[in-house]
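Each chain is listed here by its residues.
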There are 2 protein chains.
Amino acid sequence: MPKHAQIQRLGKDAEVPAALYGARASRLAKLRALGLPVPLAYAVSVPTVQGIAAGHIPDLAQLLAHFGERGILSVRSSPVEREWGGPETLLNIGLNDNIHANLRHRLGDEAANALYCRFVQDYSIHVARLDGEAFDGLSDEACGRAESLQAALAIYESEMDERFPQDPVVQLGHVLRSMARAWEGTTARILRQARGAPSDAGLGLIVQRMAIGLGAGESGAGLVQFVKPSTGETAVRGRYLPKGQGRDAMLAGRVASYITSDKRGVSLEDVNPGALADLRKYGEIARMGCHDALRFEFTIESGKVWLLDAAPAARSPRAAVQIAVDLAGDGAISRKSALLRVEPRNLQQLLHPQIDPEAPADVFAKGLAASPGAASGRIVFSATAAQASAAREEPSILVRHETTPEDIRGMHSANGVLTERGGMTSHAAVIARGLGLPCVVGASGIRLNFRNKTLTTADGKVFSEGDVITVDGTNGVAMIGEVGMVRPDLDGAFATLMDWAHEFCDIDIRANADTPSDARMARVFGATGIGLCRTEHMFFQEDRLTVMREMIFADEVADRRAALDRLLPMQRSDFTELFEIMQGMPVCIRLFDPPLHEFLPHSREAMQELAEAMDLPVSQVIARAEDLAEFNPMLGMRGVRLGIVMPEIYEMQARAIFEATVKGSQSGEPVVPEIMIPLVSASREVELVKARLDAVASEVQIETGVKFTYRLGAMVETPRAALRAGELAANSAFLSFGTNDLTQMTYGLSRDDAGRFMSAYVNLEVFPEDPFHTLDVDGVGELLLLASERGRAANPDVVLSVCGEHGGDPASIGFCRDAGFDYVSCSPFRVPIAYLAAAQSAVEGTNKKTEDLVVT
Amino acid sequence: MPKHAQIQRLGKDAEVPAALYGARASRLAKLRALGLPVPLAYAVSVPTVQGIAAGHIPDLAQLLAHFGERGILSVRSSPVEREWGGPETLLNIGLNDNIHANLRHRLGDEAANALYCRFVQDYSIHVARLDGEAFDGLSDEACGRAESLQAALAIYESEMDERFPQDPVVQLGHVLRSMARAWEGTTARILRQARGAPSDAGLGLIVQRMAIGLGAGESGAGLVQFVKPSTGETAVRGRYLPKGQGRDAMLAGRVASYITSDKRGVSLEDVNPGALADLRKYGEIARMGCHDALRFEFTIESGKVWLLDAAPAARSPRAAVQIAVDLAGDGAISRKSALLRVEPRNLQQLLHPQIDPEAPADVFAKGLAASPGAASGRIVFSATAAQASAAREEPSILVRHETTPEDIRGMHSANGVLTERGGMTSHAAVIARGLGLPCVVGASGIRLNFRNKTLTTADGKVFSEGDVITVDGTNGVAMIGEVGMVRPDLDGAFATLMDWAHEFCDIDIRANADTPSDARMARVFGATGIGLCRTEHMFFQEDRLTVMREMIFADEVADRRAALDRLLPMQRSDFTELFEIMQGMPVCIRLFDPPLHEFLPHSREAMQELAEAMDLPVSQVIARAEDLAEFNPMLGMRGVRLGIVMPEIYEMQARAIFEATVKGSQSGEPVVPEIMIPLVSASREVELVKARLDAVASEVQIETGVKFTYRLGAMVETPRAALRAGELAANSAFLSFGTNDLTQMTYGLSRDDAGRFMSAYVNLEVFPEDPFHTLDVDGVGELLLLASERGRAANPDVVLSVCGEHGGDPASIGFCRDAGFDYVSCSPFRVPIAYLAAAQSAVEGTNKKTEDLVVT
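Procedures and definitions
Residues numbered from 1 in each chain as written. Chains lettered and ligands numbered in written order. Predicted model: local features only at pLDDT ≥ 70, side-chain atom pairs only at ≥ 80, totals over all residues. Heavy atoms only, no water. Helix = DSSP H or I, 4+ residues; strand = E, 2+ residues; numbered from the N terminus. Buried < 20%, exposed > 50% of the residue type's maximum accessible area, 1.4 Å probe, protein only. Contact = heavy atoms within 4.5 Å. Pairing = 2+ DSSP bridges. Axes fitted to C-alpha atoms, helices over the stretch in contact; angles between N-to-C directions. Disulfide = S-S within 2.5 Å. Buried area = accessible area lost by both parts, 1.4 Å probe. Salt bridge = Lys/Arg side-chain N within 4 Å of Asp/Glu carboxyl O. Polar contact = N/O pair within 3.5 Å; in protein donor to acceptor, adjacent residues only side chain to side chain. Nonpolar A, V, L, I, M, F, W, Y, C, P; charged D, E, K, R; others polar. Phe/Tyr/Trp six-rings, centres within 6.5 Å; stacked < 30°, edge-to-face > 60°. Lys NZ or Arg CZ within 6 Å of the ring centre and 35° of its normal. Core = buried A, V, L, I, M, F, W, Y, C linked by side-chain atoms within 4.5 Å. Least-squares fit on C-alpha atoms with pLDDT ≥ 70 in both. Expected span 1.5 Å × (residues − 1). Parallel < 35°, antiparallel > 145°, perpendicular 65-115°, else oblique. Left-handed = near helix turned anticlockwise from the far one by under 90°.

J.: Got a sec to walk through the environment of A:Leu591? Specific residues and values, please.
T.: All names here are of chain A. You can see Leu-591 is positioned in the loop between strand 26 (587-590) and helix 22 (604-614). On the basis of relative accessibility, which here comes to 0%, the residue Leu-591 falls in the buried class. In the structure, Leu-591 is positioned 52 residues away from Gly-643 in sequence and 8.3 Å away in space, judged by C-alpha atoms. Among all residues touching Leu-591, those that are not within four sequence positions of it are Thr-535, Glu-536, Tyr-650, Gln-653, Ile-657, Ile-675, Met-676, Ile-677, Pro-678, Val-689 and Leu-693.

J.: Describe the sheet that holds strand 17 (residues 447-449) of chain B, with residues and values.
T.: All names here are of chain B. The three strands are arranged 17-18-19 in an open sheet whose pairing can be described as antiparallel. Two strands bound the open sheet, and with one partner strand each, they are strand 17 and strand 19 (462-464). In this sheet, adjacent strand axes meet at a mean angle of 20 degrees when their direction is disregarded. Judged from the three bridges that link them, strand 18 (residues 454-456) and strand 19 form a sheet pairing that is antiparallel. Pairing of Thr-454 across the sheet is with Ser-464, part of strand 19.

J.: Now, about the state of the cysteines: what can you tell me, with residues and values included?
T.: Any covalent bond linking the sulfur atoms of two cysteines counts as a disulfide. Evaluated as defined, the whole model comprises one disulfide over all chains. A sulfur-sulfur distance of 2.2 Å marks the disulfide that ties B:Cys117 to B:Cys143. An S-S torsion of about -60 degrees defines the bridge between B:Cys117 and B:Cys143 as left-handed. One end of the pair, B:Cys117, is in helix 6 (residues 109-127); the other, B:Cys143, is in the loop between helix 6 and helix 7 (146-160), and 26 residues separate them in sequence. By relative accessible area, which is 0% here, B:Cys117 ends up buried. Take A:Cys816: it sits in no disulfide, and the sulfur closest to it among the cysteines is that of A:Cys803, at 11 Å. The class for A:Cys816 is buried, based on a relative accessible area of 2%.

J.: For the interface of chain A and chain B, give the residues involved together with the corresponding values.
T.: Every contact between the two is made by 53 residues of chain A and, on the other side, 52 residues of chain B. Contact between chain A and chain B buries roughly 4,700 Å² in total, counting both sides, with carbon and sulfur atoms accounting for 56%. Summed over the shared surface of chain A and chain B, the number is six salt bridges. B:Arg720 is the partner of A:Asp776 in a salt bridge, and the nearest nitrogen-oxygen pair spans 2.7 Å. In this assembly, chain A and chain B are joined by 27 residue pairs in polar contact (both at pLDDT 80 or more). For the side of chain A that touches chain B, the elements supplying multiple residues, two or more each, are helix 23 (618-628), helix 24 (640-645), helix 26 (683-704), helix 27 (719-723), helix 29 (739-747), helix 30 (755-763) and helix 31 (780-794) of chain A. Tallied by class, the residues present in the side of chain A that touches chain B amount to 25 nonpolar, 10 polar and 18 charged.

J.: How would you sum up the packing of aromatic side chains? Please name residues and give values.
T.: Throughout the structure, instances matching the rule amount to 40 aromatic pairs over all chains. Here B:Phe539 and B:Phe592 contribute two aromatic rings whose centre-to-centre distance is 5.8 Å and whose plane-to-plane angle is 55 degrees, an arrangement assigned as tilted. Note that B:Phe539 is positioned in the loop between strand 24 (530-534) and helix 20 (542-553) and B:Phe592 in the loop between strand 25 (587-590) and helix 22 (604-614), a separation of 53 residues in sequence. Exposure class is identical for B:Phe539 and B:Phe592. Each is buried. Sitting over the ring of A:Trp183, A:Arg192 keeps its end group 3.9 Å from the ring centre.

J.: How would you explain the nonpolar core if you had to name every residue and give the values?
T.: Grouped together as the largest cluster of nonpolar side chains are 287 residues, with contacts concentrated most on A:Phe658, A:Leu735, B:Phe658 and B:Leu735. Those residues in contact with A:Leu735 that lie beyond four places of it in its chain are A:Ala714, A:Val716, A:Ala725, A:Leu728, A:Ala729, A:Gly791, A:Val798, A:Val799, A:Leu800 and A:Ser801.

J.: Please give an account of the sheet that holds strand 8 (residues 294-301) of chain B that cites residues and values.
T.: Residue and element names in this part refer to chain B. Taken in spatial order, the four strands of this open sheet run 7-6-8-9, and their pairing is antiparallel. On the outer flanks of this sheet lie strand 7 (234-242) and strand 9 (304-312), each paired with one strand and no other. Adjacent strand axes in the sheet meet at a mean angle of 20 degrees, parallel and antiparallel pairs treated alike. One ladder, built from eight bridges, connects strand 8 with strand 9; its direction is antiparallel. Note on strand 9: the bridge partner recorded for Phe-298 is Leu-307. In this fold helix 2 (residues 23-33) packs onto strand 8 and strand 9, with an angle of close to 140 degrees to the strand it touches most, strand 9.

J.: How would you summarise the side chain of A:Asp309 if you had to cite specific residues and measurements?
T.: Residue and element names in this part refer to chain A. With respect to the element layout, Asp-309 can be found in strand 10 (residues 304-312). Under the relative-accessibility criterion, Asp-309 is labelled buried at 5%. Here Arg-24 takes part through its side chain, which lies 3.0 Å from a polar atom of the side chain of Asp-309. If we skip the residues at most four places from it in the chain, Asp-309 touches Arg-24, Leu-28, Arg-76, Arg-295, Phe-296 and Glu-297.

J.: Got a sec to walk through the environment of B:Lys461? Specific residues and values, please.
T.: All names here are of chain B. When you line up the elements, Lys-461 lands in the loop between strand 18 and strand 19. A residue is classified by how much of its surface remains accessible, and Lys-461, at 34% relative accessible area, is partly exposed. The residues contacting Lys-461, other than those within four sequence positions of it, are Leu-455, Thr-456 and Ile-480.

J.: Before we move on, could you go through the pattern of salt bridges and cite the residues and values that matter?
T.: Applying the stated criterion across every chain yields a total of 92 salt bridges over all chains. The salt bridge partner of A:Glu648 is A:Arg560, with a shortest N-O separation of 2.7 Å. Here the residue A:Glu648 occupies a position in helix 25 (residues 647-667), and A:Arg560 occupies one in helix 21 (residues 557-581), the gap between them amounting to 88 residues. Exposure remark for A:Glu648: the relative accessible area of 4% places this residue in the buried category. Taking the relative accessible area as the measure of exposure, A:Arg560 reaches 10% and is therefore buried. One salt bridge in this structure joins B:Arg792 and B:Asp822, with 2.7 Å as the shortest N-O distance. Here the residue B:Arg792 occupies a position in helix 31 (residues 780-794), and B:Asp822 occupies one in the loop between helix 32 (810-818) and strand 30 (823-826), the gap between them amounting to 30 residues. With a relative accessible area of 27%, B:Arg792 lands in the partly exposed category. Given the relative accessible area of 31%, B:Asp822 is considered partly exposed. Salt bridges linked by common partners bring A:Glu536, A:Arg590, A:Asp593, A:Arg638 and A:Asp741 together as one network.

J.: Quick one: what's the story with the relation of the copies chain A and chain B, residue by residue and with numbers?
T.: Here chain A sits on chain B after a turn of 179 degrees about the axis and a move of 0.2 Å along it, with an RMSD of 0.2 Å. These values place the two chain copies in the arrangement generated by a two-fold rotation axis. Relative to the rotation axis, the C-alpha of A:Asn632 is the closest in chain A, positioned 2.1 Å from it. Comparing interface residues between copies, 98% of those in chain A also lie at the interface in chain B; the contact surface is shared.

J.: For helix 8 (residues 168-183) of chain B, give the residues involved together with the corresponding values.
T.: All names here are of chain B. Between the first and last C-alpha of helix 8 there are 23 Å, a value that for 16 residues agrees with the 22 Å anticipated at 1.5 Å per step. Those residues of helix 8 not exposed but buried are Gln-171, Leu-172, Gly-173, Val-175, Leu-176, Ser-178, Met-179, Ala-180 and Trp-183. If you check the start of helix 8, you find a side-chain oxygen 2.9 Å away from the backbone N of Val-169, and it comes from Asp-167.

J.: Lay out the packing of helix 20 of chain B against helix 21 (residues 557-581) of chain B with the relevant residues and their values.
T.: All names here are of chain B. Two numbers describe how helix 20 lies on helix 21: the axes approach to 8 Å, and their chain directions differ by 150 degrees. Taken together, the axes of helix 20 and helix 21 lie roughly antiparallel to each other. Considering only the axes of helix 20 and helix 21, their crossing is left-handed. Every residue of helix 21 that contacts helix 20 at Asp-543, Arg-544, Val-547, Met-548, Glu-550 and Met-551 is listed here: Arg-560, Ala-563, Leu-564, Arg-566, Leu-567, Met-570, Ser-573 and Asp-574. Along the lines of polarity and charge, the residues of the contact of helix 20 with helix 21 split into seven nonpolar, one polar and six charged.

J.: Please give an account of the pairing of strand 8 of chain B that cites residues and values.
T.: Residue and element names in this part refer to chain B. Most of strand 8 sits out of view: seven of its eight residues are buried. By the bridge criterion, six bridges tie strand 6 (residues 220-227) to strand 8 in an arrangement that is antiparallel. Across the sheet, Ala-221 pairs through a bridge with Thr-299, a residue of strand 8. Between strand 8 and strand 9, which pair antiparallel one after the other, the connecting turn spans two residues, and Ser-302 there sits at a positive phi close to 50 degrees.

J.: Tell me what's going on with the environment of A:Ser26, and back it up with residues and numbers.
T.: Tracing the backbone through its elements, the reader meets A:Ser26 in helix 2 (residues 23-33). If we skip the residues at most four places from it in the chain, A:Ser26 touches A:Val16, A:Pro17 and A:Ala18.

J.: Account for the pairing of strand 5 (residues 203-209) of chain A, with residues named and values stated.
T.: Residues and elements named next belong to chain A. Judged by how many residues are buried, strand 5 sits mostly within the fold: six of seven residues are covered. Note: strand 2 (residues 41-44) against strand 5, four bridges, orientation antiparallel. Bridge pairing links Val-44 to Leu-205 in strand 5. Relative to strand 5, strand 3 (residues 73-79) runs antiparallel, the two being bridged by seven bridges. Considered in strand 5, the bridge of Arg-76 is made with Ile-206.

By themselves, these figures tell us nothing about what the structure is for.
Below is the structure:
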C-alpha cells in the first residue's frame, strides 16, 4: 500500500488513468470533463483498494467532508478493464436516523422509508454478511412502510448485537473494505479469470454523490443508449422507471416505461420530453468525446437529468461493425481504430444466417456450437439421402452418429449437420466450418436408429426422416420445425470495414477451396488465391468413388493405371474449372493425401454392396479392407508415402493439372499452377516426386506443344519437416505449413481423439488454449519460426504460408504475420476474419523481428 | 590419373597402405615382410586402376620384366576394404603357345594343356566377354586333352576373328582393363554399396607370380585356417586338392582331401606332414604379425608351400569373440583393439540358442527374422493356450495373424512366436525382442484358421494345435518338428570381453525390465539398474485383467477407486519384488501409459464372455468399447493424459511404489524409487502429477512413520516435450527420452503401420535406415540434443537417458554417449550389446562436443 491513499476527484483537470483507477472511473472523469451532469465523485485507486482489503482504511472523514453533510453516497466498482466484472454497486450509504428524518421532509415518508429500509438490507447482506433470508418478508413495495424500516433495523440489531451504524464514516469504511475483499474472494477470482483477467487484476472504487430518483417532481431512473444493439443503427433504446433507483428499471417484475413514445405504453418522451432531449444531447457529446457509443445509467431528480454511470453501448457483433464504421465516418475515431474495435472472431456471425433472437423456438437437443449459422431442413440420415434431397431442391439437415470422409458428398448437399458424437475438432466440425455449413456436434442426448430412420430426443420425442428441424450452429442447439432467421448483410458497414482491412493488411490472404463453389466464395470474400485445394474430396463423388475403389482393388500396376486413366479427365475438368474461376490468381493444389482405406466402406452391408458392384466375393472386399486398415491412420500410409509407393496416383494428378494448365493458358494469361506435396518428412521425398512431376510436365509440353511452368512446394506437417526445412526449401518454390497435422504430431495428440480430455486440459490450464484452435506459440510456433529461418536461409525466395484451421484464427494469423510469412490460407468463410486480424496486427505495429519471437 | 603409374613391389621395406593399394595388397606385403613364402607380387594403386579403366595402360613390359620370361601370373582384386568384394581372380596370364610348350616339358602334357585351355576359356569369357556357352563342352577334366585346348583356341579365333593373343603384355593389359572396368559396372556398384561401400570406393589390383599346383612331385592347392569357424577355438580347418589350382578345392563336385589326418579319407597331413607343419608355423607367424587369425590360400609346388593370398579367418560371431580375446591374451593386440574387433550387433547370436548349422531341417515357412534365437515347441493359437501349455511345462510356439497387447501374457509363456503379418517393428517383433523370445513375423505364405485351429503351409501341409515346430528367429524361418540347436555360452571369452567392455564403458547401461525374471536377467547381464519398468504389463495377468476391466467399466470415481484398491496390493508386491532383486540399484518405474481400450477384448465372442463375467448386458460392453475406441490410439487418451483425467490410477500406483519403498528400505539400504511420467507435452502436466504424488508420499510417510525420498522425471516422447525440456527439467530429477514414440511423432509415422512402406523407403534411400532401428540423427537426434541442452541449462543436475529400442542399437548408443547422456536403457538381452557399443565409442574417443553434433 502506498504511504498516502490515492483518492482523486473526478473532473476537468484530473488525471484519472484507467490503469490506476479503473476503466469506469476514467470514463466518468471524462464525462465530467466534457461538462456532462455527472454527480460529484471520487475515485479510489487500485493500490489504495488493495490496502483497504488488508485493513488500511484511509481518512474517510476528510473524503466525506467533500460531499457535504446531508449527501448520501453510492460506491461502484471500477476494475482496470470493464470485462472483469466486480462487486455490485452499493447505494444510499450515509443514511442514518438523522438523514432519514431529513429525507422524510424532502421526499415524503414512503420514499424516505424505502431508501433507508433498502440500505439497511443491502448493508446487512453485502457488508455485514447476514443471511438474506432474514429479510425475506421485506419486499421493495413493503419497504415504504415505517414498520418495515423498523423491522429491518431490528433484524440487524438482533443479528449483530449492536445498533445499525449511524456514523457515515463507519458505514463507508465497512462498505469499501467489504467490496475490496469481495474482489479477492476465490469465486470472484475464478469468474474474472474466465473472462480473461490476469491473476493480479486490479480494482478501483468510485464514491459518488447520489441523485435520488424517488422524490417529488419528475423523478426516476433508467438506462439508455443511442444505437440498436442488434444492428448498431442510430436509435434510442432503453427503459425508464419513474420513482426508481439505479438499475431498478431492468429488474424483472418492474413495469418500466419506454424511453421514446411508444403505443404500447407510457414513455419518458411523453412525460418529460426535455429530459429525453438532454439525454440525446449528452449521448452525442459523450460519443464524440469518448470516441464510442455509450450506454448511460441515469437518474432524474426533480426533473434534472444526472448521469450516474456510462459504459460502451450493448452491441451484437454486427452492431459493433456498424458503430465502428459510423464513428470513423464521423471523425470520432480513425479508420485504424475502427479496425481495432471489432473482434475478428465475431465476424463469423455476420457471414451466416442467424436465428432471430425474437423468434419463438422449441429446442430439442443441445450440443457443441461447431460451425456458426443456422439452417432449417428435412432430416436425412445418410449422405445419399442428402444428395437426393438436394436433387429435389429440398433443404436437408444431415443427422449422423459422427461423420466420416464418406459423408463429405452428403455434407456438400446438406444445409446443416447434427451429430450425436464428436467434439469441436471432430471430422464433422472441421469439414462443416470449412464448408461454412451450420453444424452442431456432440448432441449426446439424442438417440439415432438408422434401421428405422428415427431420431429420439432425451424426453422421448421421435422424429422420422423428412421431418423438418432447425440447427443453430452459433449456439449449439437443434430446434423443432422451421425457426425465424436473420439474413446476413455483407454490404454497408461490413463492406466498408473490409475495404479498410484490405487497405491495411500487409500479407496475402488465400482461401482453402476444393470445389468451384468454394472458389467462387473465396473470390466473393476477396481472397487473393487458393492456398489449399484438397484433391481427394473430388474422389468422393458417386461416379468417381467407384473408379477410385477399382483402383484400390487393382492387384497390378497396369490395372491401377487403367482406373486412374478413367479418373484423369474428371480431375482435369476439376482443375480447368478452378483455373477459370480463379483466373489470374494462384491456385495451390495439394496432391492426394488420405490413406486409401478412407475410400472403402466400413459397414458389413456397404461391403456387401461394393462386392456386388465390383463383381467380387465379399470376402475379398473384407480382406482388402483389413489389409489396408491401420492402427494409427494419421501416422500411416498416406500423403507422399502413398505418392512414392504408388507413383501412378501422383502422375495422374500431375497430368490432370498440367493439361488443365495448357487449356487454361490458351484463353488468357498463362496459368502457373502450384503443386504441393503432403506429409513430407525427408527431403528425398521431394526430390523423388519432383523428378516424376518434371517428367510428366515434359510429356505434356511435348504432346501439346505448349510451354508452361509450375511451382512445386512441400507441406511442413511433421516436426521433422520443420527441422529439415533448409533441405526442403532448397528444392521447393514454397513451404506451406499444415499446422493441424504439425500440432497433432508436435503434441502427439490426435485431433479426432483429443475431444475426450481437451476441456479438462484447458480447465486445468495444462494447455492455455486448445492448440487446434489457437496456434501453440511455445511449441508448434517455435517449429514454425525455426523452419522459416532455415528455409529462408537456404532459399531466400521461398514463399512461406500457413494453411488449415489456424489460418483462420486471429491470434495465429498475427503470429504468422509477425513471423514474416507471405500468406495464410483459410476456409472461404474465414477470409474476412483473416483480413481483419492481419490488418489489426499491422495497425498495432507488432511486426516484431523473428528473433524476438524465438522461445528458448 | 597420376602422371606416373603407382605400381609397388610387395616386400620388406615397401610402403603398401591399404587406402592406396587395397586391403589385400597391404596384407600380402605384410606377409612378405614377415618372411613368409608369398610369390613375387606387385600392387597397382587405386588411382592407377582408375586410369586403366579410362584407357591409360601403364608400361606393362617393364612390369613383366620383373617376373622373368617364363613366369605365368595371376591378377587379384584388392579393394580398399575387403568387404566390398571385387572382380574374380584371373589365373595363368602370360600363357601362350611358347610357354605351353615349355610347361609340357616341366609338368607333362595333361597339366600343361589343362592350364592353357583353362586360361583361354577364362580370358575369352571374362576379358574378351565371349558367351560362356560356347565353351560348354570343355569341362575341367576334358581340358587336359590336346584336342580340348585346340578347340578352345579355335573358338576364340572364330568368335574374335583373331588369333588368341600371344603377347603377355597384351594379355595383361586386357586383363587389367577388364577388371578395372568390371569394378565400375552398375551391378558391381550396387552390390558393393549394399555391403556399405561409399560411391567412390576404390579398387587396387595385384599382379603375382603363380605357383603351380599341377606339376610333378607333391603339388596341389587348398585353403586353411587355424581356428574353428563356429567357435574360434584353435584347430586346423580347411581343404586341399592335390593337383589343384587356386580355390579348386572348394568347388562343388571336387573330392578334396582333408588337411589333418581324418578317418573319413586322405589328408595333407598323411601325404605331406612337412607342408602342414610349415602351414601351421606360417599361420602362427602371420597371426602375431598381422594381429589376426588368417585364412591362407596356398599352393604346394613340388613339395614347397606357397601362400598366394590371405584373409581374416572365417568366423561366426561367437568365434569372433574367442579370436579377439585370444589375440589380446597372447599380446598380439590390446584389449581396446579386441573390443573393436567384435560387431556389437552380432553379440545377439551369442545370447540365444541357435539352430545347429549341421542339423537337418525341413523349412515350411519363411518370414522376417524379427527376434534372434531358435525354439521348438507345440503350436498354440492363443495366449490362453500358451499359458496352459506353460502350466503343463510343455514348450509352445504362439502362432497368430499378428499379436496385440492382449497376447503379451501368452508371449511371456510361449517359447517362440510366429506371425503371418507384421514387419520388423510390429508389436510381435518389438515385444519378442524385449523378451528375448525367438520370433518370425510376416510369414505371409501360411494360412491360419482359428476356428479349426490349423496352420496350412503354402504347399498345403496342415498342422494342428499341439504339433511340434521350430522357429529360427535368427534366420527368419519356421521348420517342421524339433531341430538340433547350439546352446549359448556366456562364460569363457564372452565373459572376458564383457569384463573389458565394462572397464572402458563410461556411461551407465540399464535394462528395461517389467517382471522379476526380466530384472534377474538384467543383473545377469550386468545392468546397473532398471531404466524402464512398464507397469501396464502387470495388468494383463488373468486375475488382474478382470479387476482392471472392472475399473474401466466403473461409472463413478468411487467404483473406480474400489477396483484400484484391489489392484493396489498386487502392484505393491510387484514393486517389492523388483526392489528386492535390484537391491542397491536404481529402479525407474513408468506410470501407466496405454489407452484403456487395450484392456478390452476385441472380438464379439470375447465381449460376450466379458459381459457374462461382469454380469453386464453385452450391449454395455460393446458400447464402452466403442466409447473408448480411438482413431489414432498412439495420439490419444493415454499416458499422463489418463493420469490427469483419472488421477486415481496414478495415485494407486504411487501408493504401491511408496509402500514397497518402505518395505524394501526396512531390510537394507533405503530404496529411492524413480518414477517417470509418460507422454508429457506440457510442463503443467508434470506439476499436476508431482503435486498428487507428493501428497501420496506424505500420506504413506505419516501412515508408516518411515521417511523416504523419490525422484520424479518426465519422459520426452513428444517433439513438444523436447522443445520445452527446459521447463520440464526445472521440475524433474531426470528426463528419459522415449525415442520410439519420439521418432513416431517427429516423422508422423506409426511404428505399427510403417512396415507397409519402410522397405520401399529404405531401398529408395528416402530414409538411410529404418529410423526405428537406428536413431535418426538429423531429425530426432537434433531434438535430443536441443532438449538435453535446454534441460541441462535449466537444471544442471538433471539426469538424461534414452530408453526403448534405440537404447540397444550400437549406432544410437554411440550418439547418446557422445551427446553426454548419463545412461541408456535397453532390453536385458541387449545390455551386453550396449556395453560393447558404449565401450567402442569410448575407445574410439569420439566424445565430440555436443555443439559439433547439432545439425542446422
